[in-house]
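Structure assessment
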Amino acid sequence: MKIVVRADASLTIGSGHIMRCLTLADGLKKQRHDISFICRHHDGHLADLIAQKGFAVQLLAKSKTADFIKQHAHSEWLGASESDDFAECQPILQVLKPDWLIIDHYAIGENWEQQAKRLLPNLKILAIDDLADRTHDCEILLDQNFGRKNEDYQALVPSHCQLLLGTRYTLLRDEFASWRAMSLNRRKSVQPPKHILVNLGGVDNDNVTLKILQSLNTFVQQSTQSFNVTVVMGKTAPHIESVQRFAKRASFACAVLVNVTNMAQLMANADLAIGAAGSTTWERCCLGLPMMLIVLADNQQVIAKALADKNLVKVVTDIGALDEQLPRLLSELADNYKKFSRQSAKLVDGQGAKRVAHWIKFAQKFQHCQVRQATQADSQMIWQWRNHVDVRRWMFGQDEIALADHEKWYGRQLDRANVHLLIFEVAGEPMGLVNVTQMTVDKYQTLQLANTHAPNPNSSNPNSSSPNEKTASWGFYLSPNSPKGQGLGFALGVLAIAQIFNTTDIGKITAQVLAYNTASLALHRKLGFSETGVLKQHFGVGEKVYDVVEFELKSQDFLF
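Residues numbered from 1 in each chain as written. Predicted model: local features only at pLDDT ≥ 70, side-chain atom pairs only at ≥ 80, totals over all residues. Heavy atoms only, no water.

**Quick look at the overall build of the chain**
Rules: Secondary structure elements are taken from DSSP: a helix is a run of H or I of four residues or more, a strand is a run of E of two residues or more, and numbering for both begins at the N terminus. Each radius of gyration reported is based on C-alpha atoms, and the globular scaling rule is 2.2 Å times the count of residues to the power 0.38. A 1.4 Å probe rolled over the protein chains alone gives each residue an accessible area, and that area as a share of the maximum for its type sets the label: buried under 20%, exposed over 50%, partly exposed in between.
Assigned secondary structure in the chain consists of 19 helices and 20 strands. By the compact-globule yardstick of 24 Å for 560 residues, the chain fits well, its C-alpha radius of gyration being 26 Å. Dimensions of the chain, computed from C-alpha atoms along their principal axes, come out at roughly 85 × 65 × 35 Å. For the chain, buried positions account for 53% of its 560 residues.

**A word on the sheet that holds strand E3 (residues 56-60)**
Operational definition: Pairing between two strands requires that DSSP report at least two bridges joining them. Simply put, an axis is a line fit to the C-alpha atoms, just over the touching stretch for a helix, and the angle between two N-to-C directions goes from 0 to 180 degrees. We call two residues contacting when some pair of their heavy atoms lies within 4.5 Å.
One open sheet accounts for seven strands, arranged E3-E2-E1-E4-E5-E6-E7; its pairing is parallel. Each having just a single partner strand, E3 and strand E7 (162-165) make up the two edges of the open sheet. When strand polarity is set aside, the average angle formed by the axes of neighbouring strands in this sheet is 15 degrees. By the bridge criterion, five bridges tie strand E1 (residues 2-7) to strand E4 (residues 100-104) in an arrangement that is parallel. Paired with Val 4 across the strands is Leu 101, a residue of E4. Helix H1 (residues 16-30) rests against E1, strand E2 (34-40), E4 and strand E5 (124-128) of the sheet, and its axis sits at about 165 degrees to E2.

**Quick look at the nonpolar core**
Selection criterion: We define the nonpolar core as a collection of buried residues of types Ala, Val, Leu, Ile, Met, Phe, Trp, Tyr and Cys that are connected through side-chain atoms lying within 4.5 Å of one another.
Ranked by internal contacts, the top residues of the largest apolar core, which has 67 residues, are Phe 37, Leu 126, Trp 359 and Trp 474. When residues of this core are assigned to their parent elements, the largest contribution, 11 residues, is made by helix H18 (residues 488-503). In this structure, Trp 474 is in contact with Val 434, Asn 435, Val 436, Leu 492, Gly 493, Ile 497, Ile 509, Thr 510, Ala 511, His 524, Leu 527 and Phe 529, ignoring residues within four places of it in sequence. In terms of nonpolar packing, the next biggest core, distinct from the first, is built from 37 residues, Leu 216, Met 233, Phe 246 and Ala 276 among them.

**A few points about the packing of aromatic side chains**
The following threshold applies: Two rings from Phe, Tyr or Trp (for Trp, the six-membered ring) form a pair when their centres sit within 6.5 Å of each other. Planes less than 30 degrees apart are called stacked, planes more than 60 degrees apart edge-to-face, and all others tilted. Criterion for a charge above a ring: Arg CZ or Lys NZ at most 6 Å from the ring centre, at most 35 degrees from the ring normal.
Under the definition given, this model contains 19 aromatic pairs. Taking 5.8 Å as the distance between ring centres and 10 degrees as the angle between the ring planes, the aromatic pair formed by Trp 474 and Phe 529 counts as stacked. Placement of the pair is Trp 474 in strand E17 (residues 470-478) and Phe 529 in the loop between helix H19 (518-527) and strand E19 (530-541), with a sequence separation of 55 residues. On the basis of relative accessible area, Trp 474 is assigned to the buried category, the value being 8%. Using a relative accessible area of 5% as the deciding quantity, one classes Phe 529 as buried. Three or more aromatic residues joined by ring pairs make a cluster, and in this case those are Trp 359, Phe 362, Phe 366, Phe 490, Phe 501, Phe 558 and Phe 560. The side chain of Lys 29 reaches across the aromatic face of Phe 55, ending 5.2 Å from its centre.

**Here we look at the side chain of Arg 20**
As a reminder of what qualifies: Polar contacts, as used here, are pairs of N or O atoms within 3.5 Å; protein pairs need one atom able to donate a hydrogen and one able to accept it. Residues neighboring in sequence count only if both atoms are side-chain atoms.
You can see Arg 20 is positioned in helix H1. By relative accessible area, Arg 20 is classed as buried at 6%. For Arg 20, the side chain forms a polar contact with the side chain of Asp 104, separated by 2.7 Å. Arg 20 has contacts with Asp 104, Ile 128, Asp 130, Gln 144 and Leu 171, leaving out every residue within four places of it along the chain.

**A look at unusual backbone geometry**
Geometrically, the link from Gln 191 to Pro 192 is a cis peptide bond, its omega value of -10 degrees lying close to zero. Checked against the element boundaries, Pro 192 lands in the loop between helix H5 (174-186) and strand E8 (195-199). Although it is not a glycine, Asn 259 adopts a positive phi angle of roughly 55 degrees. Of note, Asn 259 is situated in the loop between strand E10 (253-258) and helix H8 (263-268). Positive phi, close to 45 degrees, is recorded for Gln 537, a residue that is not glycine. Tracing the sequence through the fold places Gln 537 in strand E19. Assessed through its relative accessible area of 54%, Gln 537 is described here as exposed.

**Thoughts on the side chain of Arg 168**
This is how the line gets drawn: Counting rule for charge: Lys and Arg are taken as positive, Asp and Glu as negative, and neither His nor the chain ends is counted. Each reported salt bridge corresponds to a side-chain nitrogen of Lys or Arg within 4 Å of a carboxyl oxygen of Asp or Glu.
One can find Arg 168 in the loop between E7 and H5. Of the buried charged residues, Arg 168 lacks a salt bridge, with Asp 349 as the closest side chain of opposite charge at 5.9 Å. At 3.0 Å, the side chain of Arg 168 forms a polar contact with the backbone oxygen of Phe 560. Leaving out residues up to four positions away in the same chain, Arg 168 has contacts with Leu 347, Gly 352, Arg 355, Asn 502, Ser 555, Phe 558 and Phe 560.

**A word on H19**
Note the threshold: Arc, as used here, means the arc of the directions from the helix axis to the C-beta atoms.
Every buried residue of H19 is accounted for by Ser 520, Leu 521, Leu 523, His 524 and Leu 527. The buried residues of H19 occupy an angular sector of 165 degrees when the element is viewed end-on, so they sit on one face. Among the exposed residues of H19, those oriented more than 90 degrees off its buried face are Thr 518, Ala 519 and Lys 526. Residues of H19 that are buried make contact with E17, H18, strand E18 (506-514) and strand E20 (544-554).

Here you go:
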């Protein structure tokens, strides 16, 4: 597929939008897609970096005026009106004819997107947002912020839009997943934390970096504490020289690094971080790096508050009181070091870019598929499906079911809070049923809790199952009249499981499959399920007895 990215960097915008789009572009390139960028010639535009990464980039003219209609809170970031910006992009899009547009810009919304779709009727759009402050016309919307809910966007996107919300979709470079195990392991023995990593983003217009170093200097001079400090700055940061001058005379060892290419390694080897509450926050989380956040822009307030409310980070509430707040916050991080590391690492696993790339590929093929909540009106249709011989022969209960018995069962299912009944649809036509039942008591967890000699599952691996993890079992089937050989079973599974993991607190789904149901066995493996056991000679059909294969899928192992 041909994919075009429309995103900008500047001294005002910063570098985060371009950096995360480059991360996604790298993942898509591995899938053999053709990726190119369109950026405006702002000061600090990063087009050279994009080209160095191997992607074609076309620069729009540098903005000459700010005198245009502001449609959004960040309209000035575009350097032109939405319509004028699109007019400049139009000839580029006409030549490239992309299948997908990835738009990561706070100043672009529905107006720009609709013009693009009128120009290219088959175009699909992935909008990357953080604000939920404007409408979009897109097939996929990505907002990787902690705590985002479907309701934040339901009134802002079309009904067919796939919402990818929360930190499981955080766009991180592969290096963070590669360094994750080492980083989490070394934090078990960090005591006390001494190596501080300071990074205020790629620009730091207000030179907050220098203020932090000055406060650290005052703290060190007034206490017995000693620190090793590494400062990381972007190549377009305007205050590099002043920071370098101070570092040479600081009361602690201080290295200033510019335009680094090994950020994950630096984070993995740091003990604490002081940084902006932007996208780098998620990199620190992935590596379990306890952090003190400083809000440098209005859009960072949401991240900082959400994480602070859950006591996952410490936040500087007043940069003017940094000398007073910094020692206390550093002490609080050090006193609960392992907790901060473990809890933050649970938020981000480093697989977000892979998940988003998979969704783009999925949406290209299964754009007309969706799942919805089942209703009372679906009852008789489901009864007819369930009694069809092509459905019954794969079930554990293979007798025909009377309508009255079905209706009693169905009514109970709709009323139960721990049951999720979903209808799979293709182009609006019902094509399958999914039944996900959350276990009120997990017998395996109960046994584990009863065994006082069992190791703490959270002691070393933040992705391991916790004793309180919500577990559900699932069953599903396609309707007897569904088209065969089109991958609809896979589409059903992806959409249903994504909805469960993304909208509930269920963290694991289990399944049991009859051993002769080879299609279902293959589908579970394709969806990422792991085989956990085989119940030998467990289920009889007629005169024959068959094995039953048991599966489970944890949220972090589901790569959608």
